Amino acid sequence: MSVTPPGGQRTLQKRRQAQNAKEKQLKQTPASTRQAGHGGSSSSILKIYTDEANGLRVDPLVVLFLAVAFIFSVVALHVIAKVTGKLF
Amino acid sequence: MAGYRLVDIAKPFLPILPEIEISYEKVPFDDKIVYTICSGLIYLFGQFPLAAISKDEVRVQDPLYFLRGVFGAEPRTLMEFGLFPIISSGLILQLLAGMKFISVNFKLQQDRELFQSLTKLFALLQYFVLANIFIFSGYYGENLSIVQIGLLNLQLVGAGFFAILVSEIVDKGFGFASGTMTINTIVIATNLIADTFGVSQVTVDADGHKEAQGSVINLLQGMRSKHKTFLGGLVSAFNRDYLPNLSMTLIVLGIGATVCYLQSFRLELPIRSTKARGMNNVYPIRLLHIGGLSVTFSYVLLTIIHLLAFVLIQLVARNDPTSIICKVLGHYETVNNLLYVPSFPLSLLTPPRSFFSGLFQQPLTFAVYSGFMLFTGIWFADQWQAMSGTSARDIAAQFKEQGITLTGRREQSVAKELEKVVPVASTTGATLLALVTIVGEFLGLKGKAAGMVVGVATGFSLLELISLDYQQSGGQSALAQVLGAPGRF
Amino acid sequence: MAKGNEKKEAGSQIEKLADAPMEFVKDGRQFLSKCKKPDVKEYTKIVRAVGIGFVAVGIIGYAIKLVHIPIRYLIV
């Protein structure tokens, strides 16, 4: 156990070290996809889906057509409900 | 369990969650326009009335009427919840990850994928939960049969599923910038037109009189209609409560103009190249550094609070003013057979329906609601600017990469200098936007003020990216030439 | 003596708490005064660009919504 007076150079050094370590840590663990350098939300844009995950891959055009088909199926549901009178 | 992280929840779902493919080659500018507009139009077309709703008179009315404008949600349609689940899951999970409550290593491809799938899953879950809250609250009619409940679930969750995928198409580079934001802006612009020039006739009273939705059209009709005097038509065109009126339209336009004005506030930092001499330029830091996101976030929180209250009051206490929950939280009152307006404690976070009634009946709301908007907006701005990848440190790193430095500064102190500017810009911008929203909402716009603020601010963020894209594509766009507006961007 | 110190500390903490918003407002004002504001010409250009964009997109969108009206009429 050495007795050193508080303050002085050591403390300064320690502080600097702590500061450096903190900065390093910040750099190593990015807080968002963009900070990690892979696109995504920026300051004024909320961009959620950027990476291609290993899922069920689908083509965008197919999705657009399916979406329209879905809406028309709801229209069809209206028509069925009207024709059959009181189905539900 | 040690080593088990929240993102791992998404793992078992990975093989069945649909993913939009990323295009192998760069999507041409024109294709982007087409994809973006198609996505927006499909979303708008999706605002189609739900089938299988009971035809009887419903007692439960819309509790979220003043929150819908921000999320492109239309009551009793497929887009009942609009983009709210997608936006809220995106914002909240990103905030949690940025504040290290969820451990994600964004440097790893695998972690990013998991995080993204988790966001998608969370959005889907929200659609499902919200749909069932609304179904069981009696909002679609009481005593629904099992078939009806199943069909409603299918419609609402299915619509949510497609909303997620359509916004993902735009996100993944087939459209401009961000799916939720482009679609949202398109919907807000459409609503503005519908509220001003909408010709659809809505039955407004028991006698079956009809009025136009659009305020301008209504003015023209009101002057000629038989059941009103000329002056009465004129007055009602300016102050009708049940549909958009002219004063609202004017205030909304004023808000749009104000946001435009604020948008062009910027601090121009002089920069110079470290490689070549005499290369001087300016780097602008915008006042609205984080755009309309702060208001969006405040409204996400507000929606969550109101949804929770709705669950407690309607689902648990059945909106019975004598029950304990209603005594503590307040209950709903039906107004105009259209809206569900909360009473005292909950009304503190509900902007008044008109300025004067608000001033006399709920003066406390002014303080609480403003405080809420300002506090959440500023807090969010402070957090978001630090984590979103455009913080002072990131900009400094970007400078270094491009061989730029602030004039009169050493390279090392650039980050410090920016640190003095960027957070202040974000929070000040958020404050001003919140103030504009507050003023607008207090004038009785029922969510249209917030919608306009978000719409215009977002529109600007998008416009910037679109024009960048346009320049990068070398200005070669058949569409732009056809439209004859290359200077518009 | 100690008591006085404590009081002072508590006082300074409250002061700090009260100072935070003041500081915030001051920083914000300083930033605003340093900002470059748009002149009339620039402003009108911006408003026109945004206005045209909003109205164009809105009209296209509303056209789609108009399609709903006859469908609604047919099925309800």
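This is a predicted model, so every value here is computed, not measured.

## Remarks on the overall build of chain B
Here is step 1: Scanning chain B for helices and strands turns up 18 helices and eight strands.
Here is step 2: In terms of C-alpha radius of gyration, chain B reaches 24 Å, essentially the compact-globule figure of 23 Å for 489 residues.
Here is step 3: Along the three orthogonal principal directions, the C-alpha set of chain B runs to about 80 × 60 × 50 Å.
Here is step 4: Of the contacts made within chain B by residues no fewer than 6 positions apart, 68% connect residues no fewer than 24 positions apart.
Here is step 5: A total accessible area of about 20200 Å² is found for chain B, and carbon and sulfur atoms account for 65% of it.
Here is step 6: Seen as two clouds, the 35 positive and the 33 negative side-chain charges of chain B have centres 6 Å apart.

## Quick look at the nonpolar core
Here is step 1: If you look at the biggest cluster of nonpolar residues, it comprises 144 residues, and the most contacted ones within it are Phe134, Tyr140, Tyr299, Trp384 and Leu418 of chain B.
Here is step 2: Residue contacts for Leu418 of chain B: discarding those within four places in its chain leaves Leu269, Ile285, Ala392, Ile395, Ala396 and Pro423 of chain B.
Here is step 3: Counting residues in hydrophobic clusters, the runner-up holds 13 residues, among them Ala53 of chain A together with Leu14, Phe106 and Leu118 of chain B.

## Overview of the interface of chain A and chain B
Here is step 1: Each partner contributes residues to the interface: chain A has 46 residues there, and chain B has 76 residues.
Here is step 2: Here chain A meets chain B over a buried area of about 5300 Å², counting both sides, of which 67% is carbon and sulfur.
Here is step 3: The tally of links between chain A and chain B comes to zero salt bridges.
Here is step 4: For the pair chain A and chain B, the interface holds nine residue pairs in polar contact (both at pLDDT 80 or more).
Here is step 5: Elements supplying a minimum of two residues to the side of chain A that touches chain B: helix H1 (8-28), strand E1 (56-58) and helix H2 (60-83) of chain A.
Here is step 6: Examining the composition of the side of chain A that touches chain B, we find that 14 residues originate from one element, H2 of chain A, more than from any other.
Here is step 7: Residue composition of the side of chain A that touches chain B, grouped by class: 25 nonpolar, 14 polar and seven charged.
Here is step 8: Taken together, the three bridges between E1 of chain A and strand E1 (residues 18-20) of chain B define a ladder with parallel strand orientation. Bridge pairing in E1 of chain B links Arg57 of chain A to Glu19 of chain B.

## Some thoughts on the side chain of Gln148 of chain B
Here is step 1: Mapped onto the elements of the fold, Gln148 of chain B is located in helix H5 (residues 146-174).
Here is step 2: In this structure the side chain of Gln148 of chain B is engaged in a polar contact, spanning 3.0 Å, whose partner is the backbone nitrogen of Ser145 of chain B.

## Here's the deal with the pattern of salt bridges
Here is step 1: All chains considered together, the criterion is met by 16 salt bridges over all chains.
Here is step 2: As a salt-bridge pair, Asp8 of chain B and Lys11 of chain B come within 3.9 Å of each other at their nearest N and O atoms.
Here is step 3: Its relative accessible area of 12% is what places Asp8 of chain B among the buried residues.
Here is step 4: Lys65 of chain C serves as the salt-bridge partner of Glu74 of chain B, at 3.8 Å between the closest nitrogen and oxygen. Within this pair, whereas Glu74 of chain B is found in the loop between helix H2 (68-71) and helix H3 (84-98), its partner Lys65 of chain C is found in helix H2 (residues 40-75), the two belonging to separate chains.
Here is step 5: Taken together, the shared-partner salt bridges connect Arg5, Asp8, Lys11 and Asp111 of chain B into one network.

## Let's talk about the interface of chain A and chain C
Here is step 1: Opposite the four residues of chain A that make contact, chain C presents four residues.
Here is step 2: Across the chain A to chain C interface the summed buried area is about 320 Å²; carbon plus sulfur atoms make up 71%.
Here is step 3: Of all residues in chain A, Val75, His78 and Lys82 of chain A give up the largest surface area on contact with chain C, accounting jointly for 85% of the area buried on that side.
Here is step 4: Its residues placed into classes, the side of chain A that touches chain C shows two nonpolar, one polar and one charged.

## Topic: the domain arrangement of chain C
Here is step 1: The domain architecture assigned to chain C consists of domain 1 (8-37) and domain 2 (38-75).
Here is step 2: Centre-to-centre, using C-alpha coordinates, domain 1 of chain C lies 41 Å away from domain 2 of chain C.

## Some thoughts on the packing of H5 of chain B against helix H6 (residues 179-197) of chain B
Residue and element names in this part refer to chain B.
Here is step 1: Axis separation between H5 and H6 bottoms out at 7 Å; the angle between their running directions is 115°. Taken together, the axes of H5 and H6 lie roughly perpendicular to each other. Touching Val166, Ser167, Val170 and Asp171 of H5 are Gly179, Thr180, Thr182 and Ile183, all from H6.
Here is step 2: Of the residues assigned to the contact of H5 with H6, the class counts are three nonpolar, four polar and one charged.

## Comments concerning helix H14 (residues 363-387) of chain B
Here is step 1: The end-to-end C-alpha distance of H14 of chain B, which contains 25 residues, comes to 37 Å, matching closely the 36 Å that a straight helix rising 1.5 Å per residue would cover.
Here is step 2: Two residues or fewer past H14 of chain B, Gly389 of chain B is found with a positive phi of approximately 90°.

## Let's talk about the sheet that holds strand E5 (residues 280-286) of chain B
Residue and element names in this part refer to chain B.
Here is step 1: A sheet is described by the order of its strands in space; here three strands give the open sequence E5-E4-E8, paired in antiparallel fashion. For this open sheet the edge positions go to E5 and strand E8 (404-406), each flanked by a neighbour on one side alone. Across the sheet, the mean angle separating the axes of adjacent strands is 45° when strand polarity is ignored.
Here is step 2: Inspection of the sheet shows strand E4 (residues 266-273) paired to E8 by three bridges, in the antiparallel sense. Its bridge partner being in E8, Ile271 is matched across the sheet by Leu406.
Here is step 3: Sheet strands touched by helix H16 (residues 414-442): E4, E5 and E8. Its angle to E5, the strand with the most contacts, is close to 40°.

## Notes on the environment of Glu19 of chain B
Here is step 1: For Glu19 of chain B, the position within the fold is in strand E1.
Here is step 2: On the basis of relative accessibility, which here comes to 1%, the residue Glu19 of chain B falls in the buried class.
Here is step 3: When the C-alpha atoms of Glu19 of chain B and Ser323 of chain B are compared, they prove to be 47 Å apart, with 304 residues separating the residues in sequence.
Here is step 4: Excluding residues that lie within four positions of it along the chain, Glu19 of chain B makes contacts with Asp51, Glu52, Ala53, Gly55, Leu56, Arg57 and Val58 of chain A together with Gln116, Ser117, Lys120, Glu168 and Lys172 of chain B.
Here is step 5: Within the structure, the side chain of Glu19 of chain B is placed 2.7 Å from the side chain of Lys172 of chain B, a separation counted as a polar contact.

Calculation rules
Residues numbered from 1 in each chain as written. Chains lettered and ligands numbered in written order. Predicted model: local features only at pLDDT ≥ 70, side-chain atom pairs only at ≥ 80, totals over all residues. Heavy atoms only, no water. Helix = DSSP H or I, 4+ residues; strand = E, 2+ residues; numbered from the N terminus. Rg over C-alpha atoms; globule rule 2.2 N^0.38 Å. Contact = heavy atoms within 4.5 Å. Areas by Shrake-Rupley, 256 points an atom, 1.4 Å probe, with all protein chains shown as cover. Lys, Arg positive; Asp, Glu negative; His and termini not counted. Charge placed at Lys NZ, Arg CZ, Asp CG, Glu CD. Core = buried A, V, L, I, M, F, W, Y, C linked by side-chain atoms within 4.5 Å. Buried < 20%, exposed > 50% of the residue type's maximum accessible area, 1.4 Å probe, protein only. Buried area = accessible area lost by both parts, 1.4 Å probe. Salt bridge = Lys/Arg side-chain N within 4 Å of Asp/Glu carboxyl O. Polar contact = N/O pair within 3.5 Å; in protein donor to acceptor, adjacent residues only side chain to side chain. Nonpolar A, V, L, I, M, F, W, Y, C, P; charged D, E, K, R; others polar. Pairing = 2+ DSSP bridges. Domains from an automatic or database assignment. Axes fitted to C-alpha atoms, helices over the stretch in contact; angles between N-to-C directions. Parallel < 35°, antiparallel > 145°, perpendicular 65-115°, else oblique. Expected span 1.5 Å × (residues − 1).

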